[in-house]
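Next come the chains, spelled out residue by residue.
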Amino acid sequence: MTSLDVTTDTDDSGPGGYAAARLRLLTEKARSGPPRRTALARLTDDWLAGLYEAAGAPPGTALVAVGGYGRGELSPRSDLDLLLLHDGGADAGTVAALADRVWYPVWDLGLALDHSVRTTAEARRTAGEDLKVQLGLLDARPVAGDAGLVTALRTTVLADWRNQASRRLPELHALCRERAERSGELQYLLEPDLKEAHGGLRDAQALRAVAASWLADAPREGLDDARRRLLDARDALHLATGRATDRLALQEQDAVAAELGLLDADTLLREVYEAARTISYASDVTWREVNRVLRARSARPRLRSLLGRSGAAKQPVERTPLAEGVVEMEGEVVLALSARPERDPVLPLRAAAAAAQAGLPLSLHAVRRLAAAAKPLPVPWPAEAREELVTLLGAGEPTVPVWEALEAEGLVTRLLPDWERVRCRPQRNPVHTWTVDRHLVETAVRAASLTRRVHRPDLLLVAALLHDIGKGWPGDHSVAGETIARDVATRIGFDRADVAVIATVVRHHLLLVETATRRDLDDPATVQSVAAAVGTLGALELLHALTEADALATGPAAWSTWRASLVADLVKRVAGVLAGEELPDPEAAAPSAEQERLAIEALRTGEPVLALHTEPVVPDGSEEPEPVGVELLVALPERPGVLPAVAGVLALHRLTVRAADLRAVALPRELGDGPVLVLDWRVAAEYGSLPEAHRLRADLVRALDGSLDVPARLAERDAAYPRRRGVQAPPPRVTVAAADSRLATVLEVRAQDAPGLLHRIGRALEGAEVRVRSAHVSTLGANAVDTLYVTRPDGSLLAPEEAAGLAKTLEEALR
């Protein structure tokens, strides 16, 4: 069988013959990509032409393929976009009957059909009113009937498109922007829409339409290949799912990768992202050129009226110097006429820094000339190159489009070879918004707003750019990143001391937030371990700023005022240690006046006593306090089952637990016998307002005396809101953390976040007869990391074998 020979033993003009030939074509493993799309289009042409001729089509009519079908690009589940065109000579009944004899067999096969019946004048008028119709007709192609009629229509529509370009192109640009806002940027989405998202197939088609207007043209290098790769991915998606879908859902990615012969889903996403990046960059450049031309056209008549035709023609183009060898011209940054990139190795960075600082795009011509002619930088870089890189990174938001322009022409990997490994690398953690490379640039953008907080903004910006550079290498990315960052910083030209600081900050870029949210900050071992890792106040200052920038660049779920307050508290304590201050002994710390008052009341009444307090924090740069949560104090005579009871009641009232501290308070003998347990909880409402303290207390009393069955109530609530089917969550994991605490044994619980998780943990620990000293809850997306400080009932640490056994018992209980 040849590439286009799809005949069968049955008559292909009938539905059965076409369906069989179509199925055989789509299941051929030897033929895929453009050849299969072309073959499918021709097979469909032959079948529809047979239907058209068998229907006895009158003269002056034609069956026309438009849109993707008109381009001869049929994916397995593509719609058939058809127009029955006629010159008005045949009566309406005859034309309607012809349409029915073509449309109904298509519907009978279950194929999606977008159809219309119009005269040439009607088609032209509709195209003038409906931009999408006009775009489809730009690719009109005759399938059967009067080809001259189709040629005349296409010629007319194309002429109208060019004559109306100054009106229609802004309309098309607005459609592209609206679609991008609705569907996102394809190159960063974990489940992208291959057609609708920015950088997808719709944008590639819009670029064809712009080129057809003769007003501007897109950068063509790599564009056809990028478009082909997206079409191939869509074909594989259609075949893998059996559905007409353009969304590359997570659960389909392995099958699509296998269909394309790729290694895995990550390889698939990286290819898709690279293709989308090519198309989106070409779109940005093209629309910028369209707008420039349209502005020039609108200004020309005004100039002629002011200066006369000859005067307007003599106006020179204004070129404003920005830096050595770099000027602004017509809203873009270009190279000066005197620039010599082949003799000036710093020019690419100088031009990029100047563009970002001015908030202007780098012109396509300038970037390509730099890529083609620029001399490589010596290693280590000269001081000017290093300073220009820091200037580029410190420009904030304007850095992003300039960096993308450098990446599009390969200049970034030429400057920083290690960048290649993170370029377009997907991040499967749903908390992350960006690919690894874009996340690094976004972190630098966020860090640029924090440079006034640190003594060495240059080190902060470079560390921000490099902090995740180890992703893609085996093992812990922070460990790999430290080695790479050391090499890159040396290459850039930092001295030995600065290289060491950058390497330390990259190695420990997760240390502050993980410690602050998962460890007991009152434990001296926690603070001392961070101080030992960071080493100096200067590194701590940089690490604090990088922690915030990294989290803000990750996504909205990664940072909050609550996390910021915890990190700031940890930084303050670590700074004290690095300055030589002594840490207070938590065992010697006396209860607060309110804790003592509540304990006395609980001992007097023999029942729980509660107090709720909103905790305001003043964020940096803000004058108004912002509440970050609520402190809930609970005091009651010590007894078994307190932790699961309180945690369960909080879950029933839809309160999210962030931290819990439990301590036994010994009161003076004259006030009563027995210790009182004081629980200090940090909680936040899942939604709505906080419950009243008296309602919490009433339910807590009932939970403790057994009249409120907390597990049953939680189970009833879960049953009332059944979970949707989705990706199966991995099983929980419990480990003994190497925290070097002398106060308690530390357990880390990693599990799917769910209401009542801490209640279930508390019940399991009560059954194991251990005492919980404190609990610290951290949630990112659907994942919870709960850290528990536990001891024997007498307050001593668990032996290693006891701790390992407890971890296993807790893990089994949570399954």
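Residues numbered from 1 in each chain as written. Predicted model: local features only at pLDDT ≥ 70, side-chain atom pairs only at ≥ 80, totals over all residues. Heavy atoms only, no water.

Draft legend 1. Here's a closer look at the overall build of the protein chain. Assigned secondary structure in the protein chain consists of 31 helices and 15 strands. Partitioning the contacts of the protein chain with sequence separation of at least 6, the portion at a separation of at least 24 is 70%. Summed over all atoms, the accessible surface of the protein chain reaches about 37,200 Å², with 51% contributed by carbon and sulfur. Here the protein chain contributes 97 positive and 116 negative side-chain charges, whose respective centroids are spaced 5 Å apart. (Helix = DSSP H or I, 4+ residues; strand = E, 2+ residues; numbered from the N terminus. Contact = heavy atoms within 4.5 Å. Areas by Shrake-Rupley, 256 points an atom, 1.4 Å probe, with all protein chains shown as cover. Lys, Arg positive; Asp, Glu negative; His and termini not counted. Charge placed at Lys NZ, Arg CZ, Asp CG, Glu CD.)

Draft legend 2. Summary view of the packing of helix H2 (residues 34-54) against helix H4 (residues 92-108). It is at 9 Å that the axes of H2 and H4 come closest, and there the two elements cross at 145°. Here the hand of the crossing between H2 and H4 comes out right-handed. Facing Trp47, Leu48, Leu51 and Tyr52 of H2, the residues of H4 in contact are Leu98, Arg101, Val102, Pro105 and Val106. Tallied by class, the residues present in the contact of H2 with H4 amount to eight nonpolar, no polar and one charged. (Axes fitted to C-alpha atoms, helices over the stretch in contact; angles between N-to-C directions. Left-handed = near helix turned anticlockwise from the far one by under 90°. Nonpolar A, V, L, I, M, F, W, Y, C, P; charged D, E, K, R; others polar.)

Draft legend 3. Region of interest: the pattern of salt bridges. On inspection of all chains with the given rule, the structure shows 54 salt bridges. Across the pair Glu274 and Arg229 runs a salt bridge, and its minimum N-O distance is 3.5 Å. A residue pair is termed long-range when its members are at least 10 positions apart, and Glu274 in helix H12 (residues 265-313) and Arg229 in helix H10 (residues 223-241) qualify at 45 residues. In this structure, the salt-bridge partner of Glu332 is Arg288, at a minimum N-O distance of 2.9 Å. Remark: Arg288 occurs in helix H12 and Glu332 occurs in strand S7 (residues 332-335); sequence separation between them is 44 residues. Note on Arg288: relative accessible area 23%, which makes it partly exposed. (Salt bridge = Lys/Arg side-chain N within 4 Å of Asp/Glu carboxyl O. Buried < 20%, exposed > 50% of the residue type's maximum accessible area, 1.4 Å probe, protein only.)

Draft legend 4. Main features of the sheet that holds strand S4 (residues 141-145). The sheet built from four strands is open, its strands ordered S3-S2-S1-S4 with mixed pairing. Across the chains shown, the open sheet's two edge strands, defined by having one partner strand only, are strand S3 (113-119) and S4. Direction aside, neighbouring strands of the sheet carry axes that sit 25° apart on average. Looking at chain direction, strand S2 (residues 80-86) and S3 are connected through seven bridges and run parallel. Across the sheet, the residue bridging to Leu82 is His115, located in S3. Contacting strand S1 (61-65), S2 and S4, H2 runs over the sheet at an angle of about 35° to S4. Each of S1, S2 and S3 is contacted by H4, which is oriented at about 170° to S3, the strand it contacts most. (Pairing = 2+ DSSP bridges.)

Draft legend 5. Examining the pairing of S1 more closely. Within S1, five of the five residues are buried, which leaves it mostly tucked inside the rest of the structure. As judged from the five bridges shared by S1 and S2, these two strands associate in the antiparallel manner. Directly across from Ala65, in S2, lies its bridge partner Leu82. Pairing of S1 with S4, which is carried by four bridges, proceeds in the antiparallel orientation. Looking at the pairing, Val64 lines up with Pro142 of S4.

Draft legend 6. Up close: the packing of aromatic side chains. One pass over the structure, following the stated rule, counts four aromatic pairs. Both rings, one in Tyr18 and one in Trp47, keep their centres 4.2 Å apart while their planes meet at 5°; by these two values the pair is stacked. One end of the pair, Tyr18, is in helix H1 (residues 15-27); the other, Trp47, is in helix H2, with 29 residues separating them in the sequence. Stacked on the ring of Trp214, the Lys or Arg Arg162 has its end atom at 3.6 Å from the ring centre. (Phe/Tyr/Trp six-rings, centres within 6.5 Å; stacked < 30°, edge-to-face > 60°. Lys NZ or Arg CZ within 6 Å of the ring centre and 35° of its normal.)

Draft legend 7. The arrangement of the environment of Ala651 in detail. Note that Ala651 resides in helix H27 (residues 642-652). With 419 residues separating them in the primary sequence, Ala651 and Asp232 have C-alpha atoms 48 Å apart. If near-sequence neighbours (up to four positions away) are discounted, Ala651 is found in contact with Leu714, Arg717 and Gly756.

Draft legend 8. Summary view of the sheet that holds S7. Strand order in this open sheet of three strands is S5-S6-S7, and the pairing throughout is antiparallel. Every other strand in the sheet has two partners, leaving strand S5 (320-323) and S7 as the edge strands with one partner each. Direction aside, the axes of adjacent strands within the sheet are offset by 40° on average. As paired elements, S5 and strand S6 (residues 326-329) share three bridges and run antiparallel to each other. When the sheet's bridge partners are listed, Ala323 is paired in S6 with Val326.

Draft legend 9. Inspection of helix H28 (residues 693-705) at higher detail. If you check H28, its first and last C-alpha atoms are 18 Å apart, about what 13 residues at 1.5 Å a residue would give, namely 18 Å. Burial in H28 covers these residues: Leu696, Asp699, Leu700, Ala703 and Leu704. Along the long axis of H28, the arc covered by the buried residues comes to 135°, so they all point the same way. Residues of H28 that are exposed and point over 90 degrees away from its buried face: His694 and Asp705. (Expected span 1.5 Å × (residues − 1). Arc of directions from axis to C-beta.)

Draft legend 10. Layout of the nonpolar core. Grouped together as the largest cluster of nonpolar side chains are 95 residues, with contacts concentrated most on Leu362, Trp381, Trp403, Leu416 and Trp419. Beyond its immediate chain neighbours, meaning those up to four positions away, Trp403 contacts Leu389, Leu392, Leu393, Val412, Leu416, Trp419, Val441 and Leu465. One finds Ala645, Val657, Ala775 and Val777 within the second-largest nonpolar core, a separate group that totals 51 residues. (Core = buried A, V, L, I, M, F, W, Y, C linked by side-chain atoms within 4.5 Å.)

Draft legend 11. Seen up close, helix H25 (residues 561-578). For H25, which comprises 18 residues, the first-to-last C-alpha distance of 25 Å matches the rise-based estimate of 26 Å (1.5 Å per residue) to within 8%. Thr561, Trp562, Arg563, Leu566, Val567, Leu570, Val571, Val574 and Gly576 are the residues of H25 that are buried. Where H25 ends, the next residue or the one after it, Gly580, has phi of about 95°, a positive value.

Draft legend 12. Quick look at the confidence of the model for the protein chain. A residue-level look at the protein chain finds 92% of positions with pLDDT of 70 or above and a mean pLDDT of 89. Overall, residues 1-10 carries pLDDT values under 50, and its contacts beyond four positions in sequence, including any with other chains, amount to 23 contacts. pLDDT under 50 marks residues 618-627. Its contacts with residues more than four places away, or in other chains, come to 14 contacts. (pLDDT = per-residue confidence, 0-100.)

Draft legend 13. Seen up close, the side chain of Arg386. One can find Arg386 in helix H15 (residues 383-393). No salt bridge is formed by the buried Arg386, whose closest oppositely charged neighbour, Glu387, lies at an N-O distance of 5.3 Å. Not counting chain neighbours up to four residues away, the residues in contact with Arg386 comprise Trp381, Ile492, Gly493 and Phe494.

Draft legend 14. The pairing of strand S14 (residues 771-780), seen in detail. In terms of residue burial, S14 counts as a mostly covered element, since seven of its 10 residues are buried. Pairing analysis gives three bridges linking strand S10 (residues 655-665) to S14, with the strands arranged antiparallel. Of the residues in S14, the one forming a bridge with Asp661 is Ser774. As judged from the nine bridges shared by S14 and strand S15 (residues 783-791), these two strands associate in the antiparallel manner. Its bridge partner lying in S15, Arg771 is registered against Thr791.

Draft legend 15. Local environment of the environment of Glu514. Residue position: Glu514 is located in helix H22 (residues 511-518). Taking the C-alpha atoms as reference points, Glu514 and Ser778, 264 residues apart in sequence, are found 8.6 Å from one another.

Draft legend 16. Main features of unusual backbone geometry. Residue Pro380 is bonded to the preceding Val379 through a cis peptide linkage, with omega at -5°. Here the phi dihedral of Trp214 falls at roughly 65°; this positive angle occurs in a residue that is not glycine. Within the fold, Trp214 resides in the loop between helix H9 (201-213) and H10.

Draft legend 17. Spotlight on the side chain of Thr241. Inspection of the secondary structure puts Thr241 in helix H10. Looking at Thr241, the relative accessible area reads 18%, which means it is buried. At 2.8 Å, the side chain of Thr241 and the backbone oxygen of Leu237 are in polar contact. Polar contacts involving the side chain of Thr241 include one to the main-chain amide nitrogen of Arg243, which spans 3.2 Å. (Polar contact = N/O pair within 3.5 Å; in protein donor to acceptor, adjacent residues only side chain to side chain.)

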